[in-house]
Amino acid sequence: MCLAVPGKILTVTEGDGLTRSGRVSFGGVVREVNLAFVPEAAVGDYVMVHVGFAISRVDEQEAERIFDYLAEMEELGAAEAEPS
Amino acid sequence: MKFIDEYRDARAARKLAAAIARVTTRPWNIMEVCGGQTHAIVKFGIDELLPPQITLVHGPGCPVCVTPVELIDKAVEIAPLPGVIFCSFGDMLRVPGTNGDLLSAKARGADVRVVYSPLDALAVARANPERQVVFFAVGFETTAPANALAVAQAQREGMRNFTLLVSHVLVPPAMEAILASPSNRVQGFLAAGHVCTVMGYEEYAPIAARYRVPIVVTGFEPLDILEGVYLCVRQLEEGRVEVENPYARSVRREGNREARRLIAEVFQVVPRRWRGIGEIPQSGLGLRPAYAEFDAERRFGLAGHGVEEPSECRSGLVLQGVLKPHECPAFGTRCTPEHPLGATMVSSEGACAAYYRYRGVPVRAASS
Ligand code: SF4
């Protein structure tokens, strides 16, 4: 029910405060999405979409963080495994 | 798909699981609040990757599951009224009320339509000005902005044939109710990532402090959940109590300002009854007086109903993490997705349905 799916904004139609909308691609499946709650989101951005509404813009830098962290862990693990 | 597939990487998941095992020295009970997380945990077998000391306790975060019977009954009462088109998310159609469900009302001729968004219901109302269109507005904070916007839009357009049957619930009061219960065994929380996307996570700091529980804002993909567990276990092992946010690709500290502003304009906090659990003070949203004309209970004169729930279903205990679904005596026998006794067996995010679908019916050991 609280499912939100990331999709990429293809077009934006600026409406008034409530009706700002755009076409959003979910891995190729395109839907019309209300963008009123993400005024900062522009074409090319990814947004999290829930029941037809974008509820956040995906922060791509933050999205990488876990992979940086895993890589760090890997290095650390490799270092630990080396005989000292 | 970007921002999904990479968070399902099996090798990375095993690495995180190993990291969890390294920091775990004692048993811990951690509750994932949201039913979407429960679904992912059972589907991907995330609980089975964890060291045996970690128990994931499933939480109340399934709006379909906690919608009180009296509201299902009101839906079933409104739907067949002449001139009514009743719109709902598909999940609600098979939730049993006292006298059947919406699907059987539809079978008897009621105009019940499944919609994907409240905006679809609004479009149905625009296209049918001579009919009364009612939208079953269930959901947590995640869905509240969408429903608030639909109402604000209807008001702006001066629509007289669109109302909401509101069953909105709020997550933090439910977390507090669980923590305050004498049967509580939850020691740490994975907070619901999309609820926090809307509301932010500032309101969790007092809860974490008062009940001495770490709260980690957690997403929905396997790596998100494992990272949430990892951070939660580390806090528990180190004796720290903090609110952490590893789901920062979607969640900002203050949440979504625009969404919160519109929720506050259209809705107010009200007491709300949770199916199987009972009334939790200040745990729901109702329409503000300025939007009362969009309240289906008022338009159809149904305010003030109330019924007791059938007793065999233990969903209240399941939703509070006291009982695992397969520990319910009716699970898989008298209660199945085809013949559900409770909403937790209907909703795709209900814990009972997730166990039934992915774990099957356990052969009960002779000793149990
Ligand atoms: S198995 Fe069925 S009866 Fe038992 S708690 Fe779950 S929904 Fe209720």
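Residues numbered from 1 in each chain as written. Chains lettered and ligands numbered in written order. Predicted model: local features only at pLDDT ≥ 70, side-chain atom pairs only at ≥ 80, totals over all residues. Heavy atoms only, no water.

## Notes on the overall build of chain A
Move 1: When helices and strands are counted, chain A shows one helix and five strands.
Move 2: Each helix (α) and strand (β) of chain A, taken in turn from the N terminus, gives the series β-β-β-β-β-α.
Move 3: Looking at chain A residue by residue over its 84 residues, the buried ones come to 44%.
Move 4: Total accessible area on chain A stands at roughly 4300 Å², and carbon and sulfur atoms take up 52% of it. (Helix = DSSP H or I, 4+ residues; strand = E, 2+ residues; numbered from the N terminus. Buried < 20%, exposed > 50% of the residue type's maximum accessible area, 1.4 Å probe, protein only. Areas by Shrake-Rupley, 256 points an atom, 1.4 Å probe, with all protein chains shown as cover.)

## A short note on the interface of chain A and chain B
Move 1: Each partner contributes to the interface: chain A provides 39 residues, whereas chain B provides 50 residues.
Move 2: Here chain A and chain B share an interface that buries about 3800 Å² over both sides, 67% of which is from carbon and sulfur atoms.
Move 3: Counting the contacts that link chain A with chain B gives three salt bridges.
Move 4: For the pair chain A and chain B, the number of links is 14 residue pairs in polar contact (both at pLDDT 80 or more). (Contact = heavy atoms within 4.5 Å. Buried area = accessible area lost by both parts, 1.4 Å probe. Salt bridge = Lys/Arg side-chain N within 4 Å of Asp/Glu carboxyl O. Polar contact = N/O pair within 3.5 Å; in protein donor to acceptor, adjacent residues only side chain to side chain.)

## So, helix 11 (residues 204–211) of chain B
Residue and element names in this part refer to chain B.
Move 1: What helix 11 keeps buried is the set Tyr204, Ile207 and Ala208. All buried residues of helix 11 fall inside an arc of 100° around its axis, so they share one side.
Move 2: Of the surrounding elements, those touching the buried residues of helix 11 are helix 9 (171–180), strand 7 (188–192), helix 10 (193–199), strand 8 (215–218) and strand 9 (243–244). (Arc of directions from axis to C-beta.)

## Considering the sheet that holds strand 4 (residues 112–114) of chain B
All names here are of chain B.
Move 1: Reading across the sheet, the six strands line up as 4-3-5-6-11-10 and stay open at both edges, with mixed pairing between neighbours. Edge positions in the sheet fall to strand 4 and strand 10 (267–274), since each of these pairs with one other strand and no more. The sheet shows a mean angle of 25° between the axes of neighbouring strands, direction not considered.
Move 2: With seven bridges connecting them, strand 10 and strand 11 (residues 278–287) associate as antiparallel partners. Across the sheet, the residue bridging to valine 269 is leucine 285, located in strand 11.
Move 3: Contacts between helix 5 (residues 69–78) and the sheet are confined to strand 3 (84–88), strand 5 (132–139), strand 6 (162–169) and strand 10, with strand 6 contributing the most and set at about 165° to the helix.
Move 4: In this fold helix 8 (residues 144–156) packs onto strand 5, strand 6, strand 10 and strand 11, with an angle of close to 155° to the strand it touches most, strand 6. (Pairing = 2+ DSSP bridges. Axes fitted to C-alpha atoms, helices over the stretch in contact; angles between N-to-C directions.)

## Digging into a negative patch on the surface
Move 1: A cluster of acidic residues, Glu64, Asp68, Glu72 and Glu75 of chain A, forms a negative patch on the protein surface.
Move 2: Within the fold, glutamate 75 of chain A resides in helix 1 (residues 60–81). (Patch = residues over 30% accessible without salt bridge, like charges linked within 9 Å, V, L, I, M, F, W, Y side chains within 5 Å. Lys, Arg positive; Asp, Glu negative; His and termini not counted. Charge placed at Lys NZ, Arg CZ, Asp CG, Glu CD.)

## Section: the pairing of strand 4 (residues 46–50) of chain A
All names here are of chain A.
Move 1: A large share of strand 4 lies buried, amounting to five of its five residues.
Move 2: The two faces of strand 4 match: Tyr46, Met48 and His50 on one face and Val47 and Val49 on the other face are all buried.
Move 3: Here strand 1 (residues 5–13) runs beside strand 4; their pairing, made up of four bridges, is antiparallel. In the strand pairing of strand 4, valine 5 is matched with valine 49.
Move 4: Across four bridges, strand 4 lies against strand 5 (residues 53–57) in antiparallel orientation. From the neighbouring strand, methionine 48 faces strand 5, where its bridge partner is serine 56.

## With respect to the side chain of histidine 58 of chain B
Residue and element names in this part refer to chain B.
Move 1: Tracing the sequence through the fold places histidine 58 in strand 2 (residues 54–61).
Move 2: For histidine 58, the side chain forms a polar contact with the side chain of glutamate 32, separated by 2.5 Å.
Move 3: A polar atom in the side chain of histidine 58 sits 2.7 Å from the side chain of tyrosine 355.
Move 4: In contact with histidine 58, other than residues within four places in its own chain, are Met31, Glu32, Thr38, Val318, Leu319, Gln320, Gly321, Lys324, Pro325, Ala351 and Tyr355.

## Some details on the packing of helix 1 (residues 10–23) of chain B against helix 12 (residues 222–238) of chain B
The angle between the axes and the distance between the axes are what describe a pair of packed helices.
Residue and element names in this part refer to chain B.
Move 1: Axis separation between helix 1 and helix 12 bottoms out at 9 Å; the angle between their running directions is 10°. Considering the angle they form, helix 1 stands roughly parallel to helix 12. Residues Ala12, Ala13, Leu16, Ala19, Ile20 and Val23 of helix 1 pack against Leu223, Leu226, Glu227, Val229, Tyr230, Val233, Arg234 and Glu237 of helix 12.
Move 2: Its residues assigned to classes, the contact of helix 1 with helix 12 comprises eleven nonpolar, no polar and three charged. (Parallel < 35°, antiparallel > 145°, perpendicular 65-115°, else oblique. Nonpolar A, V, L, I, M, F, W, Y, C, P; charged D, E, K, R; others polar.)

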